[in-house]
Structure formats: C-alpha cells, structure tokens
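Residue-level structural notes
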Amino acid sequence: MRSRQAPSTRSEVEARNTPHGVDGESLRLANQLRAEARHLAMVYPPNRGVLEECHGPGATPRSRRRGRWSRAGRAWWISACAGVLLAVGLGTHLVLSRPDPSPKRARTPPLNQVPSAVANHAEPASEQSTVISPVMFVSELSDPELEAWLDLQRDKAPERIAF
Amino acid sequence: MANLDIEQVIEDYFPRIHRAALVMCGNPWDADDLAQETFLVLAQQRGRFRGQSQLFTYLYGILLNLDRRERRRHGTRRRALRLLQDETPRDGAVQPAADMAVEVSEWKESLWSRVAQLPNAQRETLVLRFSEQLRYEEIAAVLQCPLGTVKSRIFNGLQSLRHILQSESQDLHTAPAHPCEDLTRAI
C-alpha cells in the first residue's frame, strides 16, 4: 500500500495539487495558459523605464527621490504655498484699499487776488483745515458775516489780527 | 524590515511581476506601467513590510491592489465613453494605431484574453497559479483566503473558461460575419 505522505513522481505531485473534479479538458486549458504566459513574457520583455531612472545604476539622488513624496511633506508644501499666496493677496488688498495719506487740498487762490487782511490772516499750513480753506471760506462771506468772523478770530487770537 | 535593498528586489522580482502584469493587462505598455508602479509603491512603503510573509507574496498583493484600482478607473471611464458614444454618430469612430494591430490580434487570440473576462477573484487566482506557478498555500497567502477557496476558484475559473470558449465557437458558427471583422483571426 502506497503512502500518501511521500509522492514520488511529478504526476503524483501534480495530482495532489490539482483540485478535485478537474478533467482532461481543464488540464489542457491549464497547460495552454502556462505556455501562453511564457510566450507572452518572452515576446514582450519587461521595460523598466522609470525604475531604471529612479533605482537603476545611473540613478541620481534627485531621481531617487522621485515619487517619494510623503503625505506630511506634501501637506507642508501645499500649506506653505497657500500661506504665501494668502499673504501676497492680503497685502495687495490692504495697499490698494488704503486711504490716500495726502488728500487734495482746496486750492488757495494767489495772494494778489485775496484781500490783504485775509491774506495776512491765513494760518500756517499745518493749522489749516484739510477740507475747507479759510481763505476760500472768507472770500465767500458777505460783509456782515465777514465782520462777525473777524470778531470771532480777534477774540481767539487778537495778536494775529493786524487791523 | 526598513532596510530593503530596492535595487536588488527589482533585479530579483521584476520579471515575475511584469509577467503577471502582462497576462492581467493584455498589453505590454500597461504591464510596464503596472509593474513599475508596484515597485514604486514598495519603495514608498518599504517600512510597512515587516518580513512576516515572503517578499514576492507582498509584491503580488501590491500588484493585485493596483490592478483592481486600475480596473475600477477603467470601468468608470468606459461607462462614460459609452454614454458619449450613444450621443455621437459612429461615422467618426477612432481607429487603433497601425502598430498596435499585431499586439491586439495576438492578445485576442490568447487564452488569457478570455481569463480577463472572468470575475476578479477567479482571474487573479488563475494568474497566480498558471502564470506565476505559485503553490496553493502561496496563493492563499497572497489573496488572504482559505486554501479550499483557492482550489474552488481555480476549478470554477477553468469551468468558466471552458464555457466562454464553447460559446465563442458556437457564436462563430451561427453569427453572420461582420464586414469589418477578420474571422480568420477570431476563435
């Protein structure tokens, strides 16, 4: 009686490895599959392409790094680029939306067109209003209004009124 | 086992992985890409391989995962293309390049093109068994399934293959010839 523990021939080994119920047709198909796989591998040899570049004998440290982005590294670079873009955008927005630090002043008429009293009264540039020039304001006043305004100014700074 | 020598691994296992990729993809270009990507994934994840299984088992696992992912993408693209094809006239259909004709006809004649029509589980088992010559225990380790499942998948896979071949031979005898098809090359 032959022991099942020690198959001696190749056919016995194959029989043990073969699932139950396989007939001759299936075995023929299996052999054909093996032969065609060998044939395909022989006709189309492997092309290592990228792998030669990355890991072959001529690979450089830079090419070895190709395709080796870690998730943390990728996230770091994405967040860094996003941060730079955000900072640039925000800075541009702030610069463009900032109010003009030197707004246009109302043009002062030449001194030869202004009454001498009003011209003498003109305050230094630093004290002038940024919206309405006193000279323009005074030139538009009627006589009673001008008198009242001069009284008011005399009370405020009597030494600066020459008349 | 973080200090894996990738160059040596490529040298040892690339032909085997490429052969498996070739019978799974059906054309040398996709097979090259798939095999290379397998080793790139290994290089990226070399720290994950702990040496608990054999290295080629681990590599086949990566290969099969990548192949499943590609098939899913391809299926999505093909469904989208089919939708487009239904909406556009067929007169301007794109013909394959002339240099692809030989490879395509050779693949169509191959028995592995019929294996490609089988369900994933049967197809992967047949590839590992008859192209890669793995033992049942090794196939079970790659596919992470019991030994009996491997045997039944091989049996059912071969049966399905026979049915496909029988139906093709019947179709060849009964179906009318299409004017654009070279019937001498069809099985």
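Residues numbered from 1 in each chain as written. Chains lettered and ligands numbered in written order. Predicted model: local features only at pLDDT ≥ 70, side-chain atom pairs only at ≥ 80, totals over all residues. Heavy atoms only, no water.

**Examining the overall build of chain A**
What chain A contains, in helices and strands, is 8 helices and 0 strands. Helices and strands in chain A line up, N terminus first, as α-α-α-α-α-α-α-α. Looking at chain A alone, contacts between residues at least 24 apart form 35% of all its contacts between residues at least 6 apart. By element, 60% of the accessible surface of chain A is carried by carbon and sulfur atoms, the whole surface being about 12700 Å². (Helix = DSSP H or I, 4+ residues; strand = E, 2+ residues; numbered from the N terminus. Contact = heavy atoms within 4.5 Å. Areas by Shrake-Rupley, 256 points an atom, 1.4 Å probe, with all protein chains shown as cover.)

**Let's talk about the packing of aromatic side chains**
All names here are of chain B. Summed over all chains, the structure comprises 4 aromatic pairs over all chains. Considering the side-chain rings of F49 and Y58, the 4.9 Å spacing of their centres and the 45 degrees angle between planes classify their relative orientation as tilted. In this pair, the class of F49 matches that of Y58, namely buried. If you follow R129 out to its NZ or CZ, it ends over the ring of Y136, 4.6 Å from the centre. (Phe/Tyr/Trp six-rings, centres within 6.5 Å; stacked < 30°, edge-to-face > 60°. Buried < 20%, exposed > 50% of the residue type's maximum accessible area, 1.4 Å probe, protein only. Lys NZ or Arg CZ within 6 Å of the ring centre and 35° of its normal.)

**Quick word on the side chain of S26 of chain A**
Within the fold, S26 of chain A resides in helix α2 (residues 24–43). Not counting the four nearest positions on each side in its chain, S26 of chain A is found in contact with L158, Q159 and R162 of chain B.

**Some words on the side chain of D67 of chain B**
Residue and element names in this part refer to chain B. Note on placement: D67 falls in helix α3 (residues 55–87). At 2.9 Å, the side chain of D67 and the side chain of R123 are in polar contact. Not counting chain neighbours up to four residues away, the residues in contact with D67 comprise M24, L34 and R123. (Polar contact = N/O pair within 3.5 Å; in protein donor to acceptor, adjacent residues only side chain to side chain.)

**Re the confidence of the model for chain B**
Low-confidence regions, as indicated by low pLDDT, have predicted coordinates that should not be scrutinised in detail. Residue and element names in this part refer to chain B. Confidence in the prediction of chain B, expressed as mean pLDDT, is 78, and 74% of residues score 70 or more. Contacts of residues 88–96 to residues separated by more than four positions or lying in other chains number 0 contacts, the stretch itself having pLDDT below 50. Residue range residues 176–187 is modelled with pLDDT below 50. Its contacts to residues more than four positions away, or to other chains, number 10 contacts. The complex prediction reports pTM at 0.54, with the ipTM value standing at 0.73. (pLDDT = per-residue confidence, 0-100.)

**Comments concerning the packing of helix α1 (residues 6–25) of chain B against helix α6 (residues 120–131) of chain B**
Residue and element names in this part refer to chain B. Packing of α1 against α6 brings their axes to within 10 Å, and their N-to-C directions diverge by 135 degrees. Relative to α6, α1 is oriented oblique. Crossing of α1 over α6 shows right-handed handedness. Counting all contacts with α1, which are made through R19, A20, V23 and M24, the residues of α6 involved are R123, V127 and S131. The residue inventory of the contact of α1 with α6, partitioned by class, reads 4 nonpolar, 1 polar and 2 charged. (Axes fitted to C-alpha atoms, helices over the stretch in contact; angles between N-to-C directions. Parallel < 35°, antiparallel > 145°, perpendicular 65-115°, else oblique. Left-handed = near helix turned anticlockwise from the far one by under 90°. Nonpolar A, V, L, I, M, F, W, Y, C, P; charged D, E, K, R; others polar.)

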